[in-house]
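Remarks on the overall topology
Residue-level listing of the chains:
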Amino acid sequence: GKTRIVESIITGLAKKDRLPDCTLIEFSSITENEFAEFNNLTTLSQRFNIACFKENQLSNLLDRLDKLPTEHKIFIEVSYEDIDVAKKMSSGRNTRVTNEFLCLPADSTPTALSRVIETAPNLLNSIIMTRMDLVPDIDDMLSFLAEFAASVVGVHTHTGNGQSASVDLSSKQAIKV
């Protein structure tokens, strides 16, 4: 879900000839299967010929961000297990303007969502729904999100023919749930 969202945005940037100033970074503190998801980003970076890095410590991530030009578009993919990093990055030494999105699988459990609410409630303002094809009914999820005044800014799902469908996020219009 997360990598496909990044791919969708990068594809849009490629159409506008704005790829040279993009960088992909995956942050993961988990050591097992450390390259499994990174391979997705690596493949994406090779396809678009843009830089890709993997960091496993917050201090290293912040150092990397400090070294990149401020005009760069940087996509940082953070797993659910490291959701607290989003909060620490925002309050870190980096002065870069950021847009944070929560890629939320439609089949998420209330327990998983509760952790996001406790750890990084600001992410509820910019949700991109993924894996919509895996749930027969989204009403329960939307009701839960409505309790916290969450905003869905995009939807990404696989279509029946194996392709993906996305909502354009460039308008930055949020749908209040």
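Provided above is the structure to which this section pertains.
First things first, this report covers the structure right here in the doc. (Residues numbered from 1 in each chain as written. Predicted model: local features only at pLDDT ≥ 70, side-chain atom pairs only at ≥ 80, totals over all residues. Heavy atoms only, no water.)

1. Focus on the pattern of salt bridges
Per the counting criterion, the structure on display carries 4 salt bridges. Note that Glu 7 is salt-bridged to Arg 47, the shortest N-O span being 2.2 Å. Of the two residues, Glu 7 is situated in helix 1 (residues 2–15) and Arg 47 in helix 2 (residues 36–48); the sequence distance between them amounts to 40 residues. Judged by its relative accessible area of 52%, Arg 47 is exposed. Lys 54 is the salt-bridge partner of Glu 26, the closest N and O atoms lying 3.5 Å from each other. Linking Glu 26 in strand 1 (residues 22–27) with Lys 54 in strand 2 (residues 51–55), this pair joins segments that are 28 residues apart in sequence. Both residues of the pair, Glu 26 and Lys 54, count as buried. (Salt bridge = Lys/Arg side-chain N within 4 Å of Asp/Glu carboxyl O. Helix = DSSP H or I, 4+ residues; strand = E, 2+ residues; numbered from the N terminus. Buried < 20%, exposed > 50% of the residue type's maximum accessible area, 1.4 Å probe, protein only.)

2. Brief notes about the nonpolar core
Most often, soluble globular proteins have nonpolar side chains that are buried together. Leu 102, Leu 104, Leu 124, Ile 127, Met 129, Met 141 and Leu 145 are the most contacted members of the largest nonpolar core, which totals 19 residues. Sorting the residues of this core by element identifies strand 4 (102–105), helix 5 (110–119), strand 5 (127–130) and helix 6 (139–146) as the ones contributing at least two each. When neighbours within four sequence positions are excluded, Leu 104 is seen to be in contact with Leu 113, Ile 127, Ile 128, Met 129, Thr 130, Met 141 and Leu 145. Membership of the second largest hydrophobic core comes to 11 residues, among which are Val 6, Ile 10, Cys 22 and Leu 41. (Core = buried A, V, L, I, M, F, W, Y, C linked by side-chain atoms within 4.5 Å. Contact = heavy atoms within 4.5 Å.)

3. Considerations on the packing of aromatic side chains
Counted under the stated rule, the structure contains 1 aromatic pair. Arranged with centres 5.4 Å apart and planes meeting at 55°, the rings of Phe 144 and Phe 148 form a pair that is tilted. Judged by its relative accessible area of 36%, Phe 148 falls in the partly exposed class. Above the plane of the ring of Phe 53 lies Arg 64, whose end atom (NZ or CZ) is 3.8 Å from the centre. (Phe/Tyr/Trp six-rings, centres within 6.5 Å; stacked < 30°, edge-to-face > 60°. Lys NZ or Arg CZ within 6 Å of the ring centre and 35° of its normal.)

4. Notes on unusual backbone geometry
Non-glycine residue Asn 49 carries a positive phi angle of around 60°. Following the sequence through the fold, Asn 49 ends up in the loop between helix 2 and strand 2. When its relative accessible area of 71% is taken as the criterion, Asn 49 is described as exposed. The backbone of Ala 149 shows a phi angle near 55°, a positive value even though the residue is not glycine. Along the chain, Ala 149 turns up in the loop between helix 6 and strand 6 (151–158).

All we've got here are geometric facts, nothing functional implied.
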